[in-house]
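Understanding the architecture of this molecule
This is what each chain is made of:
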Amino acid sequence: MREWLQDPATRSRLRGSLYAGALGDALGAKTEFDSIDRIREIAGPAGITGLIPAYGGLGRITDDTQMTLFTLEGLIRAHAAARREQGTFAIAEPVEQSLQLAYQRWLHTQGVSWERARGPENTSPEPDGWLITNRELFSRRAPGLTCFGELEAYGKTGVRAGMAKPVNNSKGCGGIMRAAPVALWSDDLAEVFRLGAESAALTHGHPSGYLSSGAFAVIVHELLRGKPLLDALATARAELEKYPGHEEQSVALDQALALSKDGAPTPEKLETLGQGNVGETALSMSVYVALTTTDPNVALLASVNHSGDSDSTGSVCGNLVGAMYGEEELETSWLVELELSEVIGQLADDALAEFGGNAPGDDRWYARYPAH
Ligand SMILES: [Mg+2]
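So, here's what we can say about the structure. (Residues numbered from 1 in each chain as written. Predicted model: local features only at pLDDT ≥ 70, side-chain atom pairs only at ≥ 80, totals over all residues. Heavy atoms only, no water.)

A few words now on the overall build of the protein. Secondary structure summary: the protein contains 17 helices and zero strands in total. Its C-alpha atoms give the protein a radius of gyration of 19 Å, within 12% of the compact-globule value 21 Å for 372 residues. Reported as C-alpha extents along the three principal axes, the dimensions of the protein are approximately 55 × 40 × 40 Å. For the protein, with 372 residues in total, the buried portion stands at 63%. Intrachain contacts of the protein at a sequence separation of at least 6 include 78% that bridge at least 24 residues. Split by element, the accessible area of the protein, about 13500 Å² in all, is 51% carbon and sulfur. A distance of 3 Å separates the average location of the 31 positive side-chain charges in the protein from that of its 50 negative side-chain charges. (Helix = DSSP H or I, 4+ residues; strand = E, 2+ residues; numbered from the N terminus. Rg over C-alpha atoms; globule rule 2.2 N^0.38 Å. Buried < 20%, exposed > 50% of the residue type's maximum accessible area, 1.4 Å probe, protein only. Contact = heavy atoms within 4.5 Å. Areas by Shrake-Rupley, 256 points an atom, 1.4 Å probe, with all protein chains shown as cover. Lys, Arg positive; Asp, Glu negative; His and termini not counted. Charge placed at Lys NZ, Arg CZ, Asp CG, Glu CD.)

Before going further, it helps to spend a moment on the nonpolar core. With 111 residues, the main nonpolar core has Phe216, Ile219 and Leu338 as its most contacted residues. Looking at this core, the element that brings in the most residues is helix α8 (residues 207–224), giving ten residues. Residues in contact with isoleucine 219, not counting those within four places in the same chain, are Leu229, Ala232, Leu233, Ala236, Leu283, Val287 and Leu320. (Core = buried A, V, L, I, M, F, W, Y, C linked by side-chain atoms within 4.5 Å.)

What the rule picks out here adds up to four aromatic pairs. Here the aromatic rings of tryptophan 185 and phenylalanine 355 are separated by 6.1 Å at their centres, their planes lie at 75 degrees, and the arrangement is edge-to-face. Placement of tryptophan 185 in the loop between α6 (145–157) and α7 (189–201) and of phenylalanine 355 in helix α16 (residues 341–356) is noted, with a sequence separation of 170 residues between them. Grouping residues by exposure puts tryptophan 185 and phenylalanine 355 together as buried. Between the aromatic rings of phenylalanine 193 and tyrosine 243, the centroid separation amounts to 4.7 Å while the plane-to-plane angle is 25 degrees, which identifies the pairing as stacked. (Phe/Tyr/Trp six-rings, centres within 6.5 Å; stacked < 30°, edge-to-face > 60°.)

What follows covers the side chain of aspartate 63. On the secondary structure map, aspartate 63 appears in helix α3 (residues 63–84). No salt bridge forms around the buried aspartate 63; measuring N to O, its nearest opposite-charge neighbour arginine 178 is 8.6 Å away. Separated by 3.0 Å, the side chain of aspartate 63 and the backbone nitrogen of glycine 144 make a polar contact. (Salt bridge = Lys/Arg side-chain N within 4 Å of Asp/Glu carboxyl O. Polar contact = N/O pair within 3.5 Å; in protein donor to acceptor, adjacent residues only side chain to side chain.)

To continue, consider the state of the cysteines. In the structure shown here, the tally under the stated rule is zero disulfides. Free cysteine: cysteine 147, not disulfide-bonded; nearest cysteine sulfur from cysteine 173 at 8.4 Å. Classification of cysteine 147 by relative accessible area gives buried; the value is 1%. Just so you know, cysteine 317 is unpaired, no disulfide at all, and the nearest cysteine sulfur is the one on cysteine 173, 14 Å from it. When its relative accessible area of 0% is taken as the criterion, cysteine 317 is described as buried. (Disulfide = S-S within 2.5 Å.)

With a phi close to 70 degrees, phenylalanine 33 is a non-glycine residue in the positive phi region. In this structure, phenylalanine 33 sits in the loop between α1 (8–28) and α2 (36–43). One non-glycine residue, leucine 340, adopts positive backbone phi at about 65 degrees. In this structure, leucine 340 sits in the loop between α15 (332–335) and α16.

A separate point is α16. Because the α-helix completes a turn every 3.6 residues, residues three or four places apart line up on one side. Here α16 spans 22 Å end to end across 16 residues, near enough to the 22 Å set by a 1.5 Å rise per residue. The buried count for α16 comes to twelve of 16 residues, which makes it a mostly enclosed element. Every buried residue of α16 is listed here: Val343, Ile344, Gly345, Leu347, Ala348, Asp350, Ala351, Leu352, Ala353, Glu354, Phe355 and Gly356. Packing partners of the buried residues in α16 comprise α1, α3 and α17 (363–368). Count one or two residues on from α16 and you reach glycine 357, which has phi positive near 90 degrees. (Expected span 1.5 Å × (residues − 1).)

For the structure on display, the rule yields 22 salt bridges. In this structure, aspartate 349 and arginine 11 form a salt bridge, with 2.9 Å as the shortest nitrogen-oxygen distance. Pair noted here: aspartate 349 is in helix α16 and arginine 11 is in helix α1, with a separation of 338 residues, a long-range link. Taking the relative accessible area as the measure of exposure, arginine 11 reaches 37% and is therefore partly exposed.

Orientation of helix α4 (residues 95–109) relative to α7, taken along the N-to-C sense of each, is 40 degrees, at an axis distance of 10 Å. The hand of the α4/α7 crossing is right-handed. Residue-level contacts link Val95, Glu96, Leu99 and Tyr103 of α4 to Arg194, Leu195, Glu198 and Ser199 of α7. By residue class, the composition of the contact of α4 with α7 is four nonpolar, one polar and three charged. (Axes fitted to C-alpha atoms, helices over the stretch in contact; angles between N-to-C directions. Left-handed = near helix turned anticlockwise from the far one by under 90°. Nonpolar A, V, L, I, M, F, W, Y, C, P; charged D, E, K, R; others polar.)

Summarising the element assignment, arginine 15 is placed in helix α1. The buried category is assigned to arginine 15, whose relative accessible area is 11%. Of note is the side chain of arginine 15, whose polar atom sits 2.9 Å from the side chain of glutamate 327.

Over its 16 residues, helix α14 (residues 310–325) extends 21 Å from the first C-alpha to the last, a length consistent with the 22 Å expected when each residue adds 1.5 Å. Of all 16 residues in α14, 14 are buried; the element is thus mostly enclosed. Phi for glycine 326, located one or two positions after α14, is positive at around 90 degrees.

Shown next as C-alpha cells:
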C-alpha cells in the first residue's frame, strides 16, 4: 500500500501539478517562439501578466497538456490491467506499450483516422476508455512534428522504440513536456527515472530528449512527496548520472543552479539558459524559475516570458511549482478559464484511486480504464 498517495496533501500537490502545468501551457500558448520584444508588443511592457486569447479563447491548452493527460491515462490503464491480473506485472504487457497506445489515441484526436493511428496489432474497432470520450481533446494545438511523425510511423509499423533502440536523434522537448505523471508510477526512484526516460524515448532518441524526462519524473515524484526542490534535484541528478550521455543535461542543471543564486528571474537571465525547445533546457529553465520564485503564479508568468518555447517551459515549470505549492495556491481567475479543467481534476483523482489502492474492481472501472 502506498499510503502517501492517500494523504490529502498529496492530492493537492498532484492536482496542483497537473493544473499548473495546464495553466503554464495556456499562458504561453499564444507566444510559442515569439521573441520577448514581440511578447511585450502583444501583451504590454511587462510581458504576459495573465491569460491572453489563443486558439480562439482564453485558457486554451496545447499539445503539451493533451499528451500529459494521455500519459496519465496510459499509466492508470497499465496499473489497472496488472491489478486485474493479480498484481503480476510480469504477465501484463509492459507499461511502455500502454503509453505507446495512449499516445496513439492522442494521435487520433489530432485528425489521424483510427485505422491509421492504432497500430497494426491493435484490432479494436474504436479507441476505448473514458479519456478519449472528451471531445474537447479533439483539437490541433500546434502538435510537435517529432511526436506526430513518430507516432504516425508506429501506426504503420507497430515497432516500439526505446532507449536501447533509438527512433531518431531528436532531443526536442516533446518527451519531457508530457512526462510529469510518470512520477506516480512507482516509489522506486530508479524505476521512475527509467520509465520517465523510456516514455520519452518512444518518440525522441537523443539522450537529452529522454534523460531530461527521466530526471523530470523523479523531481516531480519527490515534490509530490513534499521534499524541497533542492533535495529533489540532487536525487534526480544522482539517477541521471547513472546513464550514458547524461552530461549535457547535467551541465544544463548546473547552469540553472548557478544562475539561481543571482536573484529573481528576468526574461534576459532566463534566456541565457536556452530556448526551452529541447529537453535539457526545458528542464533547466523550468527548474531555474522554480528555484527563484516563492509563488506558483509568479513562477508561471516568469516561465512563459522569454523568446523560446513558452508553452512548453510554462507546462514543465507549472508541473513543478504546482507540485510544490498545491492546488489551493493557484490563481483562481485563471483556473475558471482553463480548458479541460474538469477532465484534469477527474483524471488526477482517478489516478490517486488507482495508485493509492482505492480503485473499484468493477466492470465500470475496467471499461473506463481498459487494458492497453
Ligand atoms: Mg505546445
